[in-house]
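Listed below are the residues making up each chain.
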Amino acid sequence: PTHAGGVYATEKRRIPDENNPGQTREADCVLLDSVQSQANRIEDALQDAVDREVIKMPLLTVEFGDKITDIQRVTSLQAPHRAADAILRDSILDGEPFRKSKIGQAITDSSLSNATSLYRYCPHALILGVWDSTGPKGGLGAKFARALVSEIVGIDAIIGKKTASRIDPLQVRRAAAVIKANDGTWKLAESAKTKGAVSPSEINHGNIPPDVTEGSATIAYAEHTAVLSLPQLRRLRFPVDGKFDVKRDDAARAVLAALALVGLTLSIERGADLRSRCLLFPEAALQFELLAKPGEPESFILCAADAIELLKQAVKAADQAGIPWESAPITLTPSDQLIALVRKSQEVAATSEEGE
């Protein structure tokens, strides 16, 4: 991926030295998939599993239906800020603004010592992180650090060159200037010096001369690293009716750990076709290490099917411990203001020269 200014995220990292066991070396690396992008892929895999009824999990859903036909719905697995997203905030539940509803207020009041409501209504936020910065408490809103961090990095990267060109079969020339209208239509200009006249390339006609710029990267291999922080999960408490219970806390943490493994394994098994010319395939089966004791990692292989079975068992145990999931989707409707905002934005995008 390219970032601001069309540049790659490159850096030097210390990695194990293949030729000197126990030693490290400095390597030029390039970011192939960021922590944030990986989180989105994990959420997308979970959403697909829910849609295919492979798993059941709590979900907040804003149904747009035919009000905004090209959107239809947005779930808490798709909203950028999860349970704290403005799309949910600006929607209606049980006839009142979401944040003023019983569920919305419970999410607003969530904290490390009271994560019960997020567990029941948006558990993946406790895994992938959330900051309720736009809620009633503003910057003091609940903030949960990521427990699951995943990224893909290219090792021994060499930045190369990329080319661009286009041959127009109509051979439209630059001098044949046009005038663009805000509605996307255009007309011929009397000359290139006419006020408002632009090159026909502005309306996607004409040649693009062959060009060479910095771009693309060649790597020795890619490394996918993921870490599930059990210490972060241990910080979470799950009181019910104001009362704490150690067994209930452990049961809820086990569910979150299992859900993280489900999301990670599902996203990996879907394939790593990250973008054009960046299709990765694993050299070996997905392997985990459980760091239970210092210096004694326990290695194991886990597939998505086994992770899903672990999740089902963990959810059942948590239910018996007194902290059930809200497995039925909670449906919200977009407010009139939100619908008007989206429609206006679409109108502006359709008529604006910059599409902003």
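Structure's up top.
Figured I'd write up the structure that's included with this text. Please read all numbers here as calculations on a predicted model, not as lab measurements.

1. A closer look at the packing of aromatic side chains
- Inspection of the entire model under this criterion finds three aromatic pairs.
- Ring geometry for Tyr119 against Trp325: centres 6.0 Å apart, planes inclined by 50°, an arrangement best described as tilted. Of this pair, Tyr119 sits in helix α4 (residues 116–121) while Trp325 sits in the loop between α8 (304–320) and β22 (330–334); the two residues are 206 residues apart in sequence, bridging distant segments of the chain. Of the two residues, Tyr119 and Trp325, neither departs from the other in class, the shared state being buried.
- Aromatic pair Phe288 and Phe300: ring centres 5.6 Å apart, planes at 15°, arrangement stacked. Residue Phe288 is located in strand β20 (residues 287–293), and its partner Phe300 is located in strand β21 (residues 296–301); the two are separated by twelve residues in the primary sequence.
- Residue classification places Phe288 among the buried residues on the basis of a relative accessible area of 14%.

2. Focus: the environment of Thr218
- Mapped onto the elements of the fold, Thr218 is located in strand β16 (residues 208–218).
- Taking the C-alpha atoms as reference, Thr218 lies 36 Å from Leu170; in sequence the two are 48 residues apart.
- Apart from the residues within four sequence positions on either side, Thr218 is in contact with Asp156, Ala157 and Ile158.

Criteria and cut-off values
- Residues numbered from 1 in each chain as written.
- Predicted model: local features only at pLDDT ≥ 70, side-chain atom pairs only at ≥ 80, totals over all residues.
- Heavy atoms only, no water.
- Phe/Tyr/Trp six-rings, centres within 6.5 Å; stacked < 30°, edge-to-face > 60°.
- Helix = DSSP H or I, 4+ residues; strand = E, 2+ residues; numbered from the N terminus.
- Buried < 20%, exposed > 50% of the residue type's maximum accessible area, 1.4 Å probe, protein only.
- Contact = heavy atoms within 4.5 Å.

Spatial relationships are all this shows, so hold off on functional conclusions.
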